[in-house]
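# Chains, contacts and geometry: an overview
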Amino acid sequence: MRVFVTGATGFIGTAVVRELLGAGHTVLGLARSDRAAAALTAAGAAAHRGALDDPGSLRDGAAAADGVIHLAYHHDFSDQAAFHSAAELDLRAVEALGAALEGTGRPLVVTSGTLMLASLAPGRTATEEDVPGPGADGPRMASENAARSLARRGVRTSVVRLAPSVHDEGDRGFVPRLIATAREKGVSAYVGDGSNRWPAVHRRDAARLFRLALESAPPGTTLHGTAEEGLPFRAIAESIAHGLGLPTTTLTPAEATAHFGFLGSLVPLDNPTSSALTRKQLDWEPVHPGLLEDLEAGDYFREGVGLTG
């Protein structure tokens, strides 16, 4: 297939592009800048100039492809308003991509996250069958529902929910932000007894899942990119403390906001998430190192890692 990929030069996107090219597909990547276009060309992909906030460029890219993988997202966690603005922009992008594919039967793979499941499936391990109700407007929920509605309009949509930690060298997501906070505060923290659980997945395992979804996921499918169902957050904090040579400490929920900033509302979430149905449906089996093993390897703690996002 000729695959249009948004976010093709990002941390996850670069791995997805390599995965697609390695499987014999061709890639058309969304490029906002000359630098991004050059990176795509160097990787063996073609560049399509445009931006996430330019729906016309998204429609044109999708129309020129046999399928679409939508990875781009404005990861702005500076405050609540920015967080919700990013979710609204994502919804508009999904709608623009879907409009170009409506009635074609072509695949559209939309990216979501598992953290929403902390509210959809409280107190238990969430599964792919846990979906937001109609009209849900939480971050990522509206985009998921938009993708599912497109499945009824002739688009082979699937939703890949990624764990909050998609880890590998070069990670700029949640874990590097936790490392940056620990460096700044001089302590690696968790909330309460730290028994709340976070799932995780290696970037290369996630990339393979996106390819499999593109190639064979049925319309309206929900998939979970979780290799580890739920690591105790305290174990993550202790691994960060060991890597930085710092102590650990426990915080109350009120103290978490002051310590972690906006992430203080996310750190205490209990988010165990199964991928059993995904593995069975697409024959997906993660094979790469787990999060704690990646942290123990030391790359996350080299000078400069976790200081920028």
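Please refer to the structure higher up on the page.
Presented here is an overview of the structure given in this document. (Residues numbered from 1 in each chain as written. Predicted model: local features only at pLDDT ≥ 70, side-chain atom pairs only at ≥ 80, totals over all residues. Heavy atoms only, no water.)

## Comments concerning the sheet that holds strand S1 (residues 2-6)
Strand order in the open sheet formed by 7 strands is S3-S2-S1-S4-S5-S6-S10, and the pairing between neighbours is parallel. This sheet does not close on itself; its edge strands, each paired only once, are strand S3 (46-49) and strand S10 (221-225). Direction aside, the axes of adjacent strands within the sheet are offset by 25° on average. In the sheet, S1 pairs with strand S2 (residues 26-31) via 4 bridges, with the strands oriented parallel. Bridge pairing links Val5 to Gly29 in S2. Against the sheet, helix H6 (residues 141-151) touches strand S5 (107-113), strand S6 (156-162) and S10, its axis set at about 155° to S6. The strands touched by helix H8 (residues 203-216) are S1, strand S4 (67-70), S5, S6 and S10; relative to S6, the strand with the most contacts, the crossing angle is about 165°. (Pairing = 2+ DSSP bridges. Helix = DSSP H or I, 4+ residues; strand = E, 2+ residues; numbered from the N terminus. Axes fitted to C-alpha atoms, helices over the stretch in contact; angles between N-to-C directions. Contact = heavy atoms within 4.5 Å.)

## A word on helix H2 (residues 34-43)
Looking at H2, one finds that the buried residues are Ala36, Ala37 and Leu40. The buried residues of H2 occupy an angular sector of 100° when projected down its axis, which confines them to one face. Exposed and oriented more than 90 degrees from the buried face of H2 are Asp34, Arg35, Thr41 and Ala42. If you follow the buried residues of H2, they end up packed against S2 and S3. Gly44 sits one or two residues past H2 and shows a positive phi near 100°. (Buried < 20%, exposed > 50% of the residue type's maximum accessible area, 1.4 Å probe, protein only. Arc of directions from axis to C-beta.)

## Topic: the sheet that holds strand S9 (residues 197-202)
The strand order across the open sheet built from 3 strands is S7-S9-S11, with neighbouring strands paired in mixed fashion. Since the sheet does not close on itself, it has two edges, and those belong to strand S7 (165-167) and strand S11 (228-232), each with one partner. For this sheet, the mean angle separating the axes of adjacent strands, direction not counted, is 40°. Of the strand pairs in this sheet, S7 and S9 are connected by 3 bridges, and their pairing is parallel. Each bridged residue has a counterpart across the sheet, and for His167 the counterpart in S9 is His202. Contacting S7 and S9, H8 crosses the sheet at an angle of about 75° to S9.

## Some details on the nonpolar core
Counting residues in each nonpolar core, the largest one holds 34 residues, and the members touching the most others are Val5, Ile12, Val16, Leu20, Ile69, Val160 and Phe210. Counting only elements with at least two residues in this core, the list comes to S1, helix H1 (11-22), S2, H2, S6 and H8. Ranked by the residues each element gives to this core, the list is headed by H8, at 7 residues. If near-sequence neighbours (up to four positions away) are discounted, Phe210 is found in contact with Ile12, Val16, Ile69, Leu71, Val109, Thr111, Val160 and Leu162. By size, the runner-up hydrophobic cluster in this structure holds 26 residues, among which are Phe174, Leu178, Trp198 and Leu263. (Core = buried A, V, L, I, M, F, W, Y, C linked by side-chain atoms within 4.5 Å.)

## Remarks on the packing of aromatic side chains
Going through the model one piece at a time under the given rule, you end up with 2 aromatic pairs. Geometrically, the ring pair formed by Phe174 and Trp198 is edge-to-face, given 5.7 Å between the ring centres and 70° between the ring planes. Within this pair, whereas Phe174 is found in helix H7 (residues 174-185), its partner Trp198 is found in strand S9, the two being separated by 24 residues in sequence. We classify Trp198 as buried; its relative accessible area is 2%. For the ring pair Trp198 and Phe233, a centre distance of 5.1 Å and an interplane angle of 75° mean the geometry is edge-to-face. Pair noted here: Trp198 is in strand S9 and Phe233 is in helix H9 (residues 233-244), with a separation of 35 residues, a long-range link. Looking at Arg140, its charged tip hangs above the ring of Tyr73, at a distance of 3.7 Å from the centre. (Phe/Tyr/Trp six-rings, centres within 6.5 Å; stacked < 30°, edge-to-face > 60°. Lys NZ or Arg CZ within 6 Å of the ring centre and 35° of its normal.)

## Comments concerning H8
Taking 1.5 Å per residue as the helical rise, H8 with its 14 residues ought to reach 20 Å, and the 20 Å between its terminal C-alpha atoms agrees with that figure. Most of H8 is tucked away, with 10 of its 14 residues classed as buried. (Expected span 1.5 Å × (residues − 1).)

## Quick word on the packing of H7 against H9
Helix-helix packing is characterised by the crossing angle of the two axes and by the distance between the axes. The N-to-C vectors of H7 and H9 enclose an angle of 55°; their axes lie 10 Å apart at closest approach. If you check the angle between H7 and H9, you find them oblique. Along this stretch, H7 crosses H9, giving a crossing that reads as right-handed. Where H7 abuts H9, its residues Leu178, Ile179, Ala182 and Arg183 lie against Phe233, Ile240 and Leu244. Residues of the contact of H7 with H9, tallied by class, amount to 6 nonpolar, no polar and 1 charged. (Parallel < 35°, antiparallel > 145°, perpendicular 65-115°, else oblique. Left-handed = near helix turned anticlockwise from the far one by under 90°. Nonpolar A, V, L, I, M, F, W, Y, C, P; charged D, E, K, R; others polar.)

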